[in-house]
Amino acid sequence: QQIEKRLDEYQIREYVFLKGVLSEEEKIKTIKSAKVSIHLGRAEPLVPVISILEGLSCGLPVVLYDQSSYREHLEIYKHLAFSLIGLGDFNRIAEEIVRYLDTDTSQKDSIKKSAQEYARRYDWDNIAQIEYVAIRQMGYATAAKAPFSTRTALMAKSIIMTRTAVFTATAFSALDVTSAGISG
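Owing to the predicted nature of the structure, the values given are computational and were not obtained by experimental measurement. Numbers given for residues are sequential positions, taken from 1 along each chain in its written order. Owing to the predicted nature of the model, reporting of local features is limited to residues with pLDDT of at least 70; listing and counting of side-chain atom pairs is limited to 80 or more, with chain, interface and lining totals taken over all residues. With hydrogens and water excluded, all non-hydrogen atoms of the structure serve as input to the side-chain values.

A. Representation of the packing of aromatic side chains. Ring pairs shown here join Phe, Tyr and Trp side chains whose ring centres sit within 6.5 Å, with only the six-membered ring taken for Trp; geometry is labelled stacked below 30 degrees between planes, edge-to-face above 60, and tilted in between. Applying the stated criterion across every chain yields a total of two aromatic pairs. Taking the centre distance of 5.1 Å and the plane angle of 75 degrees together, the rings of Phe82 and Tyr118 count as edge-to-face. Residue Phe82 is found in strand β3 (residues 82-85), and its partner Tyr118 is found in helix α6 (residues 105-120); the two are separated by 36 residues along the sequence. Whether a residue is buried, partly exposed or exposed follows from its accessible area with a 1.4 Å probe, protein chains only, as a fraction of its type maximum: under 20%, in between, or over 50%, in that order. Overall, the relative accessible area of 8% leaves Phe82 in the buried class. The interplanar angle of 50 degrees and the centroid separation of 5.9 Å between the aromatic rings of Tyr118 and Tyr122 together place this pair among those described as tilted. For helices the rule is a DSSP run of H or I covering at least 4 residues; for strands it is a run of E covering at least 2, with both sets numbered from the N terminus onward.

The following block contains the structure:
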């Protein structure tokens, strides 16, 4: 309801489609129909971010805020499929989206291939392991004692084995529609 109010306020309701909860199949189909994945999370303590990987696995370039947690993954800065933008720099975000949309077909194919190759480096096992190590580094003895948001990937490993969407944290919203299925 709050999102709908904002859409009306900015007079953009006709351009934004609120999908609600989708099945895994519908989610992947919707993301694959996109041209660019936009992930504007302001704080991402655990990398890799599932929704970013999901967009990449569908071959989408990703526009995201430049955050300290990404600096440990320096290949992101040089990677063809990523555009890192300063926090709150909406003009630059728009410029990057337009740049991707204006890219020629052969470059788009290269970006798609590059995005999918990056995403294939991860599967639920290594994501859970990365997040487990991060949880331990934050000083939690076990994942059960960590805040809910940091336990998601560890719990997801056992739940996701059925290949159904359980990550409500990556549910669609008006400004962040980057969720699709991770291969692997």
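There is more to say after this.
B. Up close: the nonpolar core. Put simply, buried Ala, Val, Leu, Ile, Met, Phe, Trp, Tyr and Cys residues joined by side-chain atoms within 4.5 Å make one nonpolar core. Counting 25 residues, the largest nonpolar core has Ile52, Leu56, Leu64, Tyr70, Phe82 and Tyr118 as the members making the most contacts within it. Secondary-structure elements contributing two or more residues to this core are α3 (50-57), β2 (62-65), β3, α5 (90-102), α6 and α7 (124-137).

C. The arrangement of the environment of Lys19 in detail. Looking at the secondary structure, you find Lys19 in the loop between α1 (2-9) and α2 (24-32). Judged by relative accessible area, Lys19 falls into the partly exposed class, the value being 43%. Residues Lys19 and Thr30, 11 residues apart in the sequence, show an inter-C-alpha distance of 9.1 Å.

D. Broad picture of the pattern of salt bridges. Criterion for a salt bridge: a side-chain nitrogen of Lys or Arg within 4 Å of a carboxyl oxygen of Asp or Glu. A complete count under the given rule lists five salt bridges for this structure. For Arg92, the salt bridge identified is with Glu96, shortest N-O distance 3.2 Å. In this pair, Arg92 and Glu96 both sit in helix α5, four residues apart, roughly one turn of the helix. By relative accessible area, Arg92 is classed as partly exposed at 32%.

E. The packing of α3 against α6, seen in detail. Fitted lines through C-alpha atoms serve as axes, helices being fitted only where they are in contact, and the angles separating the N-to-C directions of these axes extend from 0 to 180 degrees. Look at α3 against α6: their axes get within 7 Å of each other, and the N-to-C directions meet at 135 degrees. Of the possible angle classes, the one that applies to α3 and α6 is oblique. Note on packing geometry: the crossing formed by α3 with α6 is left-handed. Residues Leu53, Leu56 and Ser57 of α3 form the contact with α6, whose participating residues are Ala115, Gln116, Tyr118 and Ala119. Note that the term roughly parallel is reserved for angles under 35 degrees, roughly antiparallel for angles over 145, roughly perpendicular for angles of 65 to 115, and oblique for everything else. Handedness of a crossing is defined here by the sense of rotation of the near helix relative to the far one, left-handed for an anticlockwise turn of less than a right angle and right-handed for a clockwise turn. Residues count as neighbours in contact if any of their non-hydrogen atoms are within 4.5 Å of one another.

F. Quick look at the sheet that holds strand β1 (residues 37-39). With parallel pairing, three strands are arranged side by side in an open sheet as β1-β2-β3. At either margin of the open sheet sits one strand with a lone partner, and together these are β1 and β3. Put simply, the sheet's adjacent strands are angled 20 degrees from each other on average, direction ignored. Should DSSP find at least two bridges between two strands, the strands are taken to pair.

G. Main features of the pairing of β3. The alternating pattern of β3 places Phe82 and Leu84 and Ser83 and Ile85 on opposite faces, both of which are buried. The pairing of β2 with β3 spans four bridges and is parallel. Following the sheet pairing, Tyr65 is matched in β3 by Ile85.

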